[in-house]
Amino acid sequence: LYPWQRLVIANILDSMHAGNSDARQNKDTIISDPSDDDLYDEDGVLRGRQIVLLPTGAGKSLCFQIPALLGSGPTLVIYPLLALMGDQKRRMDEGGLDPAIFRGNQTAEEREAQYKRLEGTDGRPPAQLIIANPEVLAGEKVLSRIAARKPCHIAIDEAHCVSEWGDSFRPSYLELGKLITRLHPPAVTAFTATASPPVLKRISEVLYNGEAHLVRGEADRPNIVYSVEHCRAKDAALVREVLKRPRPLVVFCATRGGTERVASLLRNVFFDTDIKFYHAGLQKDEKIEVETWFHGHERAILCTTCAWGMGVDKKDVRTVIHRDAPPTAEAYIQEAGRGGRDGTVAQAILLWSPADLKRIQAKKDGLEKQRALVLARMAQSGECRRMVLLRALGDIRAGKDAPGGEQVLCAGCDICNGTALKKGQEAMDTQVVLDYIDKNGRAFSKNEAEGSLCEAGNRVAFLQYGIRYWKRSDFSSILSELIEEGKIRERIYWPFMGSIEIPQTRRLNHHLQFGLHRLHRLRFLQRHLGPGLLL
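This is a predicted model, so every value here is computed, not measured.

Enquirer: Let's hear about the packing of aromatic side chains: which residues, and what values?
Expert: Following the criterion strictly, the structure yields 9 aromatic pairs and no others. Between Phe 64 and Phe 191 the ring centres are 5.8 Å apart and the planes differ by 65°, which places this aromatic pair in the edge-to-face class. Taken as a pair, Phe 64 in helix H2 (residues 60–70) and Phe 191 in strand S6 (residues 187–192) lie far apart in primary sequence, 127 residues in all. As far as burial versus exposure is concerned, Phe 64 and Phe 191 are alike and both buried. Feature note: the residues Trp 293, Phe 294 and Trp 308 constitute an aromatic cluster, connected by ring pairs.

Enquirer: Give me the lowdown on the side chain of Asp 220, citing residues and values where you can.
Expert: Examined against the element boundaries, Asp 220 turns out to sit in the loop between strand S7 (213–216) and strand S8 (224–230). By relative accessible area, Asp 220 is classed as buried at 12%. In terms of polar contacts, Asp 220 uses its side chain to reach the side chain of Arg 386, at 2.7 Å. Sequence-distant contacts of Asp 220, that is, excluding residues within four places in its chain, are made with Pro 55, Arg 386, Leu 390 and Val 408.

Enquirer: Which residues make up the state of the cysteines, and what values go with them?
Expert: Here the structure, examined in full by the defined rule, presents 0 disulfides. Sulfur of Cys 413: no disulfide; nearest cysteine sulfur belongs to Cys 416 and is 3.7 Å away. For Cys 413, a relative accessible area of 0% gives the class buried.

Enquirer: Let's hear about the pattern of salt bridges: which residues, and what values?
Expert: All told, the structure shown has 44 salt bridges when counted by the stated rule. One salt bridge connects Asp 235 with Lys 471, and the closest N-O pair in it is separated by 3.3 Å. Within this pair, whereas Asp 235 is found in helix H9 (residues 234–244), its partner Lys 471 is found in the loop between helix H18 (446–465) and helix H19 (472–484), the two being separated by 236 residues in sequence. Taking the relative accessible area as the measure of exposure, Lys 471 reaches 28% and is therefore partly exposed. The residue Asp 414 makes a salt bridge to Arg 385 at a minimum N-O spacing of 2.8 Å. Taken together, the residues span a long stretch of sequence, with Asp 414 in the loop between helix H16 (385–392) and helix H17 (428–439) and Arg 385 in helix H16 at a distance of 29 residues. Through salt bridges with shared partners, a single network forms among Asp 235, Arg 261, Arg 323, Asp 324, Lys 471 and Asp 474.

Conventions we followed
Residues numbered from 1 in each chain as written. Predicted model: local features only at pLDDT ≥ 70, side-chain atom pairs only at ≥ 80, totals over all residues. Heavy atoms only, no water. Phe/Tyr/Trp six-rings, centres within 6.5 Å; stacked < 30°, edge-to-face > 60°. Helix = DSSP H or I, 4+ residues; strand = E, 2+ residues; numbered from the N terminus. Buried < 20%, exposed > 50% of the residue type's maximum accessible area, 1.4 Å probe, protein only. Polar contact = N/O pair within 3.5 Å; in protein donor to acceptor, adjacent residues only side chain to side chain. Contact = heavy atoms within 4.5 Å. Disulfide = S-S within 2.5 Å. Salt bridge = Lys/Arg side-chain N within 4 Å of Asp/Glu carboxyl O.

Just distances and angles here, no functional claims.
Structure (structure tokens):
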């Protein structure tokens, strides 16, 4: 075990022991206030009421599985997603832990079988681990059967959902404090890999009445290399990224329909059947089929929503691409953390467009907008991606004022290795369109330019990669955005009425940027391929 694992487990076991002491046999004893002063930290907060903040893939599951084998009562583990519950049950079964699981939409026969598993009336010892989600625990029958087993530990996995979802579309998370009071366990532990200080404060308020013992490990995942691909046509950018990145590969999309559409796009472009989609709208047997397929596949591409992301453990994921920007930096860190769980290097790529920034700026001022702006800063500030993300998690070493000068060093991002788009430079697809219009100024209307650009783009793509991935709609949206931003214009006067062109002032800036961009690329190639390259 790592030192922090030993610390967390010791706090849990000490609280369990205090819960079984003679001083606590009276039913009226307040379990959150045991007599053993050693269970309190220096601030008078009970160490049995922990928030454990550790990076993805760090082995948090062992922190509640080991005490479950040693406790007098079972451990109730609360998960946010059905996919995560199924994945954890599979892993526990493989380890011989034999848990009971309670979730929505179980048939009467399935639910009865789990009651027998819970109570040990199925010919096996009673379950020491109980898997559930907040909604199913709102049912009195399930809760009373669990309460009869007198759980000695409640573990809340992915506890940032208490803040991110409890205050919006899953109010059952806000009832977990009442659940803790009802079950009265000696130990309660909230686990998360991604929580900023405001989120930690909210978790503490809901679960522990504002008083919690925080165990914080290093938030950094040094084996993940972060990069941002600036673009306007995201589907085309996604195809290019998939072409050059190692598999297994995960593509995160914002919506269920988006996962299906993107999976279909990639299958059609690559003529590849090793591409599937996953979201919360699938039937149970469909989810199990996709999960089983992905876990056993070395070249798979999974297009998914956040329904797959949290805590699901496929150790050899080599690339995580976000086609759509998640709502917060914490959500991005959580989902990017699906890669490289075996400790090897993994790529995390965020596709970022001007529309993403506009969507964030359109939000009402408040905590939600401030947390979303962190992701925009990561994508656009030109600062080390890793440092921006670590500061979002409250890592005091991610800045110039780190205590004792002990600043985290970047283990890999496109800013620090010099491959990122420079501030002020246009994205590749934007640059292509502007170059085309500059060379063919006033020769095409917008409609004509869309078709001509699409034909030329696919001709180049076929020569480079042997595939065609550009759609006319890609260039239609790029041209519309550039017109709206004033970077190109449609002439409304004769001659050349209806044609598109770059305004004169912007044309000079475009030529300057294009020249600087070429110089930057030449210097980069020379640095990496040798000084003789420019001869």
